[in-house]
Amino acid sequence: MRLKLGEIVPRPLDVVPVVALVFFEPSTRTRFSFEMAAQRLGVKTVSFVADASTSVAKGESLHETLQTLIAMRPDLLVVRHSGDRAVEYLLKTTATPIINAGNGVEEHPTQALLDAMTIFERKKKLEGEKILFIGDVEHSRVARSDRSLFLKMGAEVAVCAPKRFAPKTLDWLETKQFSSLSEGLKWCTVCVGLRIQKERHQNVESGVSNEYIENFRLDKKNLSNLNSEAIIMHPGPFVDGVDLNHEILNDPRCVIHEQVTNGVYMRMAVMGDIFGVSYS
Ligand code: CP
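Only a predicted model underlies this, so the values are computations on that prediction, with no experimental measurement involved.

A. Seen up close, the packing of helix H2 (residues 62-71) against helix H3 (residues 85-93). Across the interface, H2 lies against H3 with an axial gap of 8 Å and an inter-helix angle of 25°. Taken together, the axes of H2 and H3 are roughly parallel relative to one another. H2 and H3 meet at a crossing whose hand is right-handed. Facing H2, whose interface residues are Leu62, His63, Leu66, Gln67 and Ile70, H3 presents Ala86, Val87, Leu90 and Leu91.

B. The packing of aromatic side chains, seen in detail. Enumeration according to the criterion identifies six aromatic pairs in this entry. Seen in terms of ring centroids, Phe165 and Tyr212 are 6.1 Å apart; in terms of plane orientation they differ by 80°. Their pairing is edge-to-face. In this pair, Phe165 is assigned in the loop between strand E6 (156-160) and strand E7 (176-177) and Tyr212 in helix H7 (residues 210-216), connecting sequence segments 47 residues apart. Residue Phe165 is classed as buried on the basis of its relative accessible area, which comes to 0%. For Tyr212, a relative accessible area of 3% translates into the label buried. Members of the aromatic cluster, joined through ring pairs, are Phe133, Phe150 and Trp172. Positioned above the aromatic ring of Trp172 is the side chain of Arg147, whose terminal nitrogen or guanidinium carbon lies 5.6 Å from the ring centre.

C. Structural view of the nonpolar core. Counting residues in each nonpolar core, the largest one holds 46 residues, and the members touching the most others are Leu132, Phe133, Phe150, Leu185 and Cys191. Taken together, the elements giving at least two residues each to this core come down to helix H4 (109-123), strand E5 (130-134), helix H5 (141-152), E6, helix H6 (181-187), strand E8 (190-193), H7 and strand E9 (231-233). Once you skip the residues sitting within four places of it in the chain, Leu185 turns out to touch Leu132, Ile134, Cys191, Asn222, Leu223, Asn225, Leu226 and Asn227. In terms of nonpolar packing, the next biggest core, distinct from the first, is built from 19 residues, Phe34, Ala38, Leu114 and Met268 among them.

D. A look at the site of the ligand. In the vicinity of the ligand, the contacting residues are Ser27, Thr28, Arg29, Thr30, Arg80, His108, Gln111, Pro235, Gly236 and Pro237. The contact in question runs from an oxygen atom of the ligand to an N or O atom on the side chain of Arg80, over 2.9 Å. Within the side chain of His108, one N or O atom sits 2.9 Å away from an oxygen atom of the ligand. Considering the ligand on its own, with 260 Å² of exposed area, one finds that the protein chains cover 92% of that surface. Of the residues assigned to the shell around the ligand, the class counts are two nonpolar, six polar and two charged.

Conventions and cut-offs
Throughout this document, residue positions are counted from 1 along each chain, in the order its sequence is written. Confidence filtering applies because this is a predicted model: local features only for residues at pLDDT of at least 70, side-chain atom pairs given and counted only at 80 or more, and all residues used for totals across whole chains, interfaces and linings. Hydrogens are left out, water is left out, and the side-chain values use all remaining heavy atoms of the structure. Interaxial angles span 0 to 180 degrees and are taken between N-to-C directions of axes, which are lines fitted to C-alpha atoms, for helices over the stretch in contact. The helix and strand labels rest on DSSP assignments: H or I over at least four residues marks a helix, E over at least two residues marks a strand, and numbering proceeds from the N terminus. In these notes the angle categories are as follows: under 35 degrees is roughly parallel, over 145 is roughly antiparallel, 65 to 115 is roughly perpendicular, and the rest is oblique. Each crossing gets its hand from how the near helix is turned against the far one by less than a right angle, where anticlockwise is left-handed and clockwise is right-handed. Whether two residues are in contact is decided by their heavy atoms: any pair within 4.5 Å suffices. The rule is short: rings of Phe, Tyr and Trp, with Trp giving its six-membered ring, pair when the centres are within 6.5 Å, and they are stacked under 30 degrees, edge-to-face over 60, tilted in between. Relative accessible area decides the class of each residue, using a 1.4 Å probe on protein chains only: under 20% of the type maximum gives buried, over 50% gives exposed, and in between gives partly exposed. We call a charge positioned over a ring when the NZ of a Lys or the CZ of an Arg lies within 6 Å of the ring centre and within 35 degrees of the ring normal. Note on terminology: a nonpolar core comprises buried Ala, Val, Leu, Ile, Met, Phe, Trp, Tyr and Cys residues joined through side-chain atoms within 4.5 Å. Near is defined per residue: the residue qualifies when any heavy atom it owns lies within 4 Å of the molecule or strand. N or O atoms closer than or at 3.5 Å make up a polar contact, with two conditions inside protein: a donor-capable atom paired with an acceptor-capable one, and, for residues adjacent in sequence, both atoms drawn from side chains. Here the open area of atoms and residues is found with the Shrake-Rupley method and a 1.4 Å probe, where only the protein chains shown may cover a residue. Three classes are used, and their members are as follows: Ala, Val, Leu, Ile, Met, Phe, Trp, Tyr, Cys and Pro are nonpolar, Asp, Glu, Lys and Arg are charged, and the others, Gly among them, are polar.

Laid out in structure tokens, this is it:
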């Protein structure tokens, strides 16, 4: 039987599904947690990382690379890319189920789900929580997806960022902004640190000044303004000494590694839903 491109392979029910993890950008947490989640569900994975061992190094386009991987008929694609328009179009038009593992500055939906889960575990609700994003919000797909989900769940959202990293897109237009981190930290019940996303900077200065560190780093001194019941989050990866000081990992309010753990559970839930399998 010949299949058309994009058609799902019909298979006997006893054949284990195969998930293709396709990462055109670096990742530790997202890629590894999808892999862990698939193993826990009893689903198989194949992994593609655009490095020197692949035909991307010979000049093959990302679009053709993805088309080639789709032609191998995985049951599910998990894709991370930098926002390449041709890749985006192909993902929108293929019939293969897709999970977005981060696309450019736009979205990182499973991160938003695991972040919501982490807040929910600690605070038992999202409604009424006051969530502050700190640092390079403009270039953060995590902040964009978080914002959208947290507002739907009834939370309030605010930003504390230098002018060059303050969000400028329409979705953030009405968002409360703090110019002082101490004021923002006094206001919030959840603070979210963000990495400076140098790889996405086109017309802004990426450099880290002492002033940036003084005003936006999550460290013992700045966090003395945060309520004892509040929580400290960061999607990772973090740059120690710039977006936070590793000393805060021992702060009982810090849930950064809980976010990582929940990443596996949340991705199990998402893929389990697609394949109709669960784990108990
Ligand atoms: N939070 C996140 O997406 O981390 P990775 O880039 O390590 O996957």
